[in-house]
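Each chain is listed here by its residues.
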Amino acid sequence: MLSKFETKSNRVKGLSFHPKRPWILASLHNGSVQLWDYKMGTLIDRFDEHEGPVRGICFHPTQPLFVSGGDDYKVKVWNWKLRRCLFTLNGHLDYIRTVFFHHELPWIISASDDQTIRIWNWQSRNCISILTGHNHYVMCAQFHPKDDLVVSASLDQTVRVWDISGLRKKHAAGPQTSQTEDSAIRSGQQADIFGGTDAVVKYVLEGHDRGVNWASFHPTLPLIVSGADDRQVKLWRMNDTKAWEVDTCRGHYNNVSCVLFHPRQELILSDCEDKTIRVWDMTKRTCLQTFRREHDRFWILAAHPELNLFAAGHDSGLIVFKLERERPAHTIYQSTLLYVRERFVRVYDFSSGNDAAALVIRRGAGHFMNPRTLSYNPAERAVLVCSPVDGGTYELFNLPKDIGGEPRDNTAEAKRGQGHNAVFVARNRFAVLDKQNQQIFIKDLRNEVTKQFKAPANVSDIFYAGTKNILIATPTNVTLYDTEVRSSVAELNVNGVRYVVWSPDMNLVALLSKHTIVVANKQLEQLCLIHETIKIKSGAWDELGIFVYSTLNHIKYALPNGDNGIIRTLEQPIYITRVKGKNVCCLDRDGKVKLISFDPTEYRFKLSLVRKNYEEVLNIIRTSNLVGQAIIAYLQKKGYAEVAMHFVKDPKTRFELAIECGNIDVALECAKVLDREDTWQKLGQEALRQGKQLDLETAYQRAKAFDKLSFLYLITGNVEKLRKMLKIAELRGDAMSRYHNAMFLGDVDEQVRLLREVGQLPLAYLAAKAHGLEDEAHLILQTANVNEDELADVSVTGTLLKTPTPVYRQHDNNWPQLAISKGIFESALSGDERGLGPKMTLDEQAMKEVGGEWGDDLEIPELSEPSAATPFGAPSAQTPMYDAAEEGGWDLDAELDIPDGGLATTTTTDAPQNPGFVNPSAGTPLTDMWARNSNLAADHVAAGSFETAMQLLNRQVGIVNFAPLKPTFLTIFSSSKTYLSGMPCAPAVAFAIHRQHDDDPRRLLPVLPFNLQQVIGKLQDAYAVTTAGRFEDAIATFKGVLHSSLFVVASKRTEVDELQQLIAVSREYILGLRMETSRKRLNMDVAANQKRAIELAAYFTHCQLQPAHLQLSLRSAMTLAFKVRNMNTAGIFARRLLELGPPPQAVQQAKKVQQLCESNPTDEITLDYDQYNPFVICGQTFTPIYRGSPVVACPFCGASYQPDYKGKVCAVCELAQIGASASGLQALPR
């Protein structure tokens, strides 16, 4: 028995596994119910409402419910999500022994000491049947897992099988069929006690000599097992007409408390008051294993419904255990996986995916124990299979040359021997560990000993370590041992190594213990140590030198330097066999091969940083979507703050990273957003360190560091701003700052005036007298009523105390800085990222601004006052445009030295002959150059070549209706030139405007009035109009976005992707808003229109909208469905709305709707709407086109249509022909 989890508590009387989560419920003799996580070993919750011992407990198979029964005669149904008891079922007159849920129906069965069995409907909360017939305590009653049967065990020494098919038929039509019975029960009558046919006794099994404590059905076979106070376990078989005793298992020495079948093997488990758990062979009826406790009697057993887990409750707690290891024995050779499953050695080819059984490893019936290890010798095609049977045995087989068809049965030819483990060490040699005698034998393929030696220490296991070498594991270390010279080569201290995984080139090895991984090289020099709190299950090396390993809950990775992280979460444990590219090949606990896809970007990124492969790092940053605090913390820890900034959007974190890497520009942007004093102070310190005085001035100003500002202006010679600081100090009433600024400026008059104002007349007089300000000195004496004769003479030989004037005033520029080349990351990541603007959010204040056509649909008078939603428009960040990259030319404009001779000059006969002057020939117009240099329709429009532009748009996106584009064409054409007026009565002179200057005419292109940021700005305006409820205006604005996007020129591939995203967003909004306006025009007094209105509202919620607009559409649909009493549909919308986290008013409204709908989940109107079947919406008929149905699309906006509309103009964009073939919109210049 392999113990997985154990608790210490009061006596455990009932146990139940959760079918999906790693939870177990334990009901205790002290009246408490405990909920444990057996995987983490933690107590999740406890429930204390029963009075007295709780003997029965059971999880519901699908709902978040469990049921308990105790000595207080009560059956309680609990919700573990709400952490409270939902209701109590009263009716039993004595202790309740067991309670169980039905596997399909909403039924609970309870057995009681009142000699009855009751079946309850937990939905209607009524007792629907009472099974009477036992004449002593009923100790156990359970439903059959598939059939309409119940088995019960009683102290009257019988096991009874009940047929409840009549009860199922009676209640199949719903609760209304049992109204008579319910009323009878409520009135005190016992309708089913005498003569009822709902549940009848089918068999009475008599054979035990004392009271029977437990009886269980077999999950698939017509078998019953029972345990009684006569210390016997009996096996019974039944058919349609009778049931009989098959055999008896004897061996217990006290009352048998509980007995059950193994769900997947031919085994019986029983526990007893003799403090033992016994495992019996169901076919031979012999005891296979016995597990004992010293002081605790066992009371209950439970089997997990899906996993190979069992639990037993005893006097001092519970234990969760397995009967044997589930790890499939396997080994890898090149592209082949050899593994053991169901008595066969199977071969799986990674390249082809072929999986075939190669040979049989054990014959005969009875219990089969999974082998521990598998070792393969490719030279001789030999396999060593090691099993824990009989204290440890090995078998040597030869694989057949042709694998396929029926597996070869050569068990008679197999060579066997005793040994804890066996591994090949050479082409014709293998090593065997005799753990009991601590001997290691080297044997040949005839199974004869060629060499033997004493193990160097207390050896627990041996592992393959290359030709002639083995790894010897002891409880405290691992030794690399050479079997030829019989000596230790290397040693590494590591505790409890259970598995060893070598890299493909045998240069690295991972030593796996229960909770640690030690990575070492082939000399057993430790490279890193990784500790896990959860048990480590398996691992494999990938081609990059990354160790990928699995725990109970996760697939993780480990770099050779010790850095590790999570790849993905697991529902069930797996055993990794191979890692290749983006796939993990593994075995599950049933021995089945599985391929799991994952994203290796994170560990490839970290490995590239560790190996300083910066080109790969940049490539990953540009092409992947790495996010998360873990990546940011890792980059910061490794000193790559400038890279971490690329992944951070939070202004506070981004500011700290910018300061760390010295990026003042980014830090300044974040500081403006944060606008906190400590942030400005940090920015000022960094700007001062770098000598960026302009940013330093901004930081001091925002932090209100006036004294520092004054000193900055002093040393930079900015006298004008010093005077401003003097004025500011005067307005602030700061006398000291005012005096300092006056000193910096050498303004004696201001100094004297300040001293007079603060009452320092003596100092004011001395300052005036010393600087020759006689008039001021005389006024001060008059103010103080003092004669000059009464004062001592004041020396006037002093000079003005004034700070030196800077020789070089540089207050308009930063200080000279040392030129430092940018790092690879700083230069590569310096560009700003563009986007479609910030996402919209709903808050309390902004909800008040929602209006227009939204307002009428958000009100449910039956519930509460209407609540509003939040506007959607938020300003998008301004992003500078990027110039198109320059291209190299053919150098065709180079000057050629061509002699003039040989070229004849021709003149027209009409032109006068003038040998001194020749008319120049006309050049190529710039507009022709534009059309020739570009493959973009926008440039052709700017050149005035409308026809070629229309041809391009037709080929690229299938546009056939150009009428809506006429204003756009004219805008582009007129914006590409500027006009200067010349002489009166003369036409204006036109000058072309280019995107950028270039001497090469082949690279000249016109300036365009549209760019991506402008179109994004239009999108934000459309969002705002949508929020305001002006749907017709919003549709027109979104169509304008679509039309403008045809003429946007992108400078890089990411802008093209954003343009496609922008088109998709506009299409979804136009389609959704057209449906909503159509719904608004319906007359709701007509019954048919009510159905259509709900359908249109439902389809609107499946458009890809921004979260805030999706909330509004869901609220509108929920309200409409609720008003027409489509409660089930309204409940669906309410649940989807609550998942989006709406504002409090909407949450309150949705919860009320959900509560009302759950009490009556019906629809008055049947809709053509299935939310669980993926669909797209026809842009013409507004009907769903479900997955698998024929569909055609618009080549420009991507709107979907039914095939009947192929060849017509798209109703969404109003430009393209539905179903036309097109090459795709071109936005990048050649």
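Everything numeric in this text was worked out from a predicted model, so none of it was measured.

Undergrad: Is there a simple way to think about the overall build of the chain in this case?
TA: Helices and strands together make up the secondary structure of the chain, namely 29 helices and 61 strands. Scored against the burial criterion, the 1230 residues of the chain give a buried share of 50%. Counting contacts in the chain only where the partners sit at least 6 residues apart, residues at least 24 apart contribute 50% of the total. By element, 49% of the accessible surface of the chain is carried by carbon and sulfur atoms, the whole surface being about 59,400 Å².

Undergrad: Before we go on, may I ask you to explain the packing of aromatic side chains in this structure?
TA: Aromatic ring pairs are described here by two measures, namely the spacing of the ring centres and the angle between the planes. According to the stated counting rule, one finds 32 aromatic pairs in the structure shown. With a centroid separation of 6.2 Å and 70 degrees between ring planes, the pair formed by F59 and F66 is classed as edge-to-face. An identical accessibility class is assigned to F59 and F66; each is buried. Between Y557 and Y603 the ring centres are 5.4 Å apart and the planes differ by 50 degrees, which places this aromatic pair in the tilted class.

Undergrad: How should the pattern of salt bridges be read in this particular structure?
TA: The full count for this structure, using the stated rule, is 43 salt bridges. Between D461 and R372 there is a salt bridge; the shortest N-O distance is 3.3 Å. Of this pair, D461 sits in strand β41 (residues 461-464) while R372 sits in the loop between β32 (355-360) and β33 (373-377), and the two are 89 residues apart along the sequence. The exposure class assigned to R372 is partly exposed, which follows from its relative accessible area of 24%. The network of salt bridges with shared partners includes R738, E750, R753 and E757.

Undergrad: How should unusual backbone geometry be read in this particular structure?
TA: Across residues other than glycine, the phi torsion is negative in most instances, and most of the peptide bonds are trans. Of note in the backbone geometry, L524 takes a positive phi value of approximately 60 degrees without being a glycine. A positive phi angle, close to 60 degrees, is found at K704, a residue other than glycine. Structurally, the position occupied by K704 is in the loop between α10 (693-703) and α11 (706-716).

Undergrad: Please clarify how the nonpolar core should be interpreted in this entry.
TA: Within soluble globular proteins, side chains that are nonpolar tend to cluster in buried spots. Grouped together as the largest cluster of nonpolar side chains are 94 residues, with contacts concentrated most on L1046, F1047, F1196 and Y1201. Of all the elements, helix α25 (residues 1053-1080) adds the most residues to this core, at ten residues. Those residues in contact with Y1201 that lie beyond four places of it in its chain are C1178, G1179, Q1180, I1185, V1191, V1192, C1210, A1211, V1212 and I1218. W36, W120, V259 and L269 belong to the second-largest nonpolar core, a separate cluster that totals 88 residues.

Undergrad: For this particular structure, what's the right way to read the environment of H102?
TA: Note that H102 resides in the loop between β10 (96-101) and β11 (107-112). H102 gets classed as buried once you look at its relative accessible area, which sits at 2%. For the pair H102 and F143, spaced 41 residues apart in sequence, the C-alpha separation works out to 6.3 Å. When neighbours within four sequence positions are excluded, H102 is seen to be in contact with P61, W107, F143 and R168. Here the side chain of H102 touches E104 through a polar contact of 3.0 Å, landing on its backbone nitrogen.

Undergrad: Hey, could you run me through the confidence of the model for the chain in this one?
TA: It should be kept in mind that the predicted coordinates are not to be read in detail where pLDDT is low. In this model, the chain carries an average pLDDT of 81, and 82% of its residues clear a pLDDT of 70 or more. The secondary structure element of the chain with the lowest average pLDDT is helix α2 (residues 179-186), at 44, and the one with the highest is β11, at 96. In the predicted structure, residues 175-195 sits below a pLDDT of 50 and forms 20 contacts with residues beyond four places in sequence or in another chain. Note on residues 864-915: pLDDT under 50 across the span, and 87 contacts to partners over four residues away in sequence or across chains.

Undergrad: Just to check I follow, could you spell out the pairing of strand β45 (residues 499-502) for this structure?
TA: The two faces of a sheet get side chains in turn, since along a regular strand they alternate between them. As defined by bridge partners, β45 adjoins strand β46 (residues 508-512) across four bridges and the pair is classed as antiparallel. Bridge pairing in β46 places W502 opposite V509. Count of turn residues in the β45/β46 antiparallel hairpin: five residues, of which M506 carries a positive phi of about 60 degrees.

Undergrad: Would you mind showing me how to read the state of the cysteines here?
TA: By definition, a disulfide links two cysteine residues through a covalent bond between their sulfur atoms. Following the criterion strictly, the structure yields zero disulfides and no others. Counting only cysteine sulfurs, C140 is the nearest neighbor of C258, a cysteine outside any disulfide, at a range of 7.2 Å. For C258, a relative accessible area of 0% corresponds to the buried category.

Undergrad: Just checking my understanding: could you explain the sheet that holds strand β13 (residues 126-132) for this structure?
TA: Strand pairing in a sheet relies on backbone hydrogen bonds. The paired strands run either parallel or antiparallel. Read across the open sheet, the four strands follow the order β10-β11-β12-β13; overall the sheet is antiparallel. Edge positions in the sheet fall to β10 and β13, since each has one partner strand and no second. Neighbour-to-neighbour, the strand axes of this sheet turn through a mean angle of 20 degrees, independent of strand direction. Across five bridges, the pairing between β10 and β11 is antiparallel. Looking at the pairing, F100 lines up with I109 of β11.

Undergrad: Even after reading the chapter, I still don't get the environment of L223, so can you show me in this structure?
TA: By secondary structure assignment, the location of L223 is in strand β19 (residues 223-228). Once residues lying within four places of it in the same chain are set aside, the contact partners of L223 are S216, F217, H218, L235, W236, R237, F261 and M282.

Undergrad: I keep staring at the sheet that holds β32 and nothing clicks. Help me out?
TA: Spatially, β29-β30-β31-β32 is the arrangement adopted by the four strands of the open sheet, whose pairing is antiparallel. Since the sheet does not close on itself, it has two edges, and those belong to β29 (330-333) and β32, each with one partner. In this sheet, neighbouring strand axes are inclined to one another by 25 degrees on average, regardless of whether the strands run parallel or antiparallel. Where strand β30 (residues 336-341) lies against strand β31 (residues 344-349), six bridges are found, and the strand directions are antiparallel. Residue pairing in the sheet places T336 in a bridge with D349 of β31.

Undergrad: Looking at this structure, I do not really get the pairing of strand β40 (residues 449-454). What am I missing?
TA: Of the strand pairs in this sheet, strand β39 (residues 439-444) and β40 are connected by five bridges, and their pairing is antiparallel. Its bridge partner lying in β40, Q439 is registered against K454. Linkage of β39 to β40, two consecutive antiparallel strands, is achieved through a turn of four residues, within which N447 is found at a positive phi near 70 degrees.

Undergrad: I tried to follow the UniProt feature "repeat: WD" (unreviewed entry) in the chain on my own but got confused; where do I start?
TA: Under the present numbering, the feature "repeat: WD" (unreviewed entry) in UniProt falls on residues 5-46, 47-79, 89-130, 131-172, 205-246 and 249-290. Strand forms 58% of residues 47-79 and helix 0%; the C-alpha atoms that close the span are 11 Å apart.

Undergrad: Which parts of the structure should I look at to understand the environment of F1031?
TA: Structurally, the position occupied by F1031 is in helix α24 (residues 1031-1045). Through-space distance from the C-alpha of F1031 to that of I1070 is 9.3 Å; in sequence the pair is 39 residues apart.

Undergrad: Explain helix α7 (residues 651-661) to me, please; I cannot follow it from the model alone.
TA: An α-helix turns once every 3.6 residues. As a result, residues three or four positions apart point the same way. When we look at burial in α7, the residues that qualify are F655, L657, A658 and I659. G662 lies just past α7 and shows a positive phi near 80 degrees.

Undergrad: Please explain helix α21 (residues 946-957) as it appears in this structure.
TA: Its twelve residues give α21 an end-to-end C-alpha distance of 16 Å, which sits within 8% of 16 Å, the value for a rise of 1.5 Å per residue. Within α21, the full set of buried residues consists of A949, L952, L953, Q956 and V957. Axial view of α21: buried residues confined to an arc of 95 degrees, hence all on one face. The outward face of α21, more than 90 degrees from its buried face, is lined by the exposed residues E947 and R955. Residues of α21 that are buried in the fold lie against α20 (937-942) and α22 (966-975). Two residues or fewer after α21 comes G958, characterised by a positive phi angle close to 70 degrees.

Scoring rules and cut-offs
Residues numbered from 1 in each chain as written. Predicted model: local features only at pLDDT ≥ 70, side-chain atom pairs only at ≥ 80, totals over all residues. Heavy atoms only, no water. Helix = DSSP H or I, 4+ residues; strand = E, 2+ residues; numbered from the N terminus. Buried < 20%, exposed > 50% of the residue type's maximum accessible area, 1.4 Å probe, protein only. Contact = heavy atoms within 4.5 Å. Areas by Shrake-Rupley, 256 points an atom, 1.4 Å probe, with all protein chains shown as cover. Phe/Tyr/Trp six-rings, centres within 6.5 Å; stacked < 30°, edge-to-face > 60°. Salt bridge = Lys/Arg side-chain N within 4 Å of Asp/Glu carboxyl O. Core = buried A, V, L, I, M, F, W, Y, C linked by side-chain atoms within 4.5 Å. Polar contact = N/O pair within 3.5 Å; in protein donor to acceptor, adjacent residues only side chain to side chain. pLDDT = per-residue confidence, 0-100. Pairing = 2+ DSSP bridges. Disulfide = S-S within 2.5 Å. Axes fitted to C-alpha atoms, helices over the stretch in contact; angles between N-to-C directions. UniProt positions renumbered as here; feature names shortened; annotations may be inferred. Expected span 1.5 Å × (residues − 1). Arc of directions from axis to C-beta.

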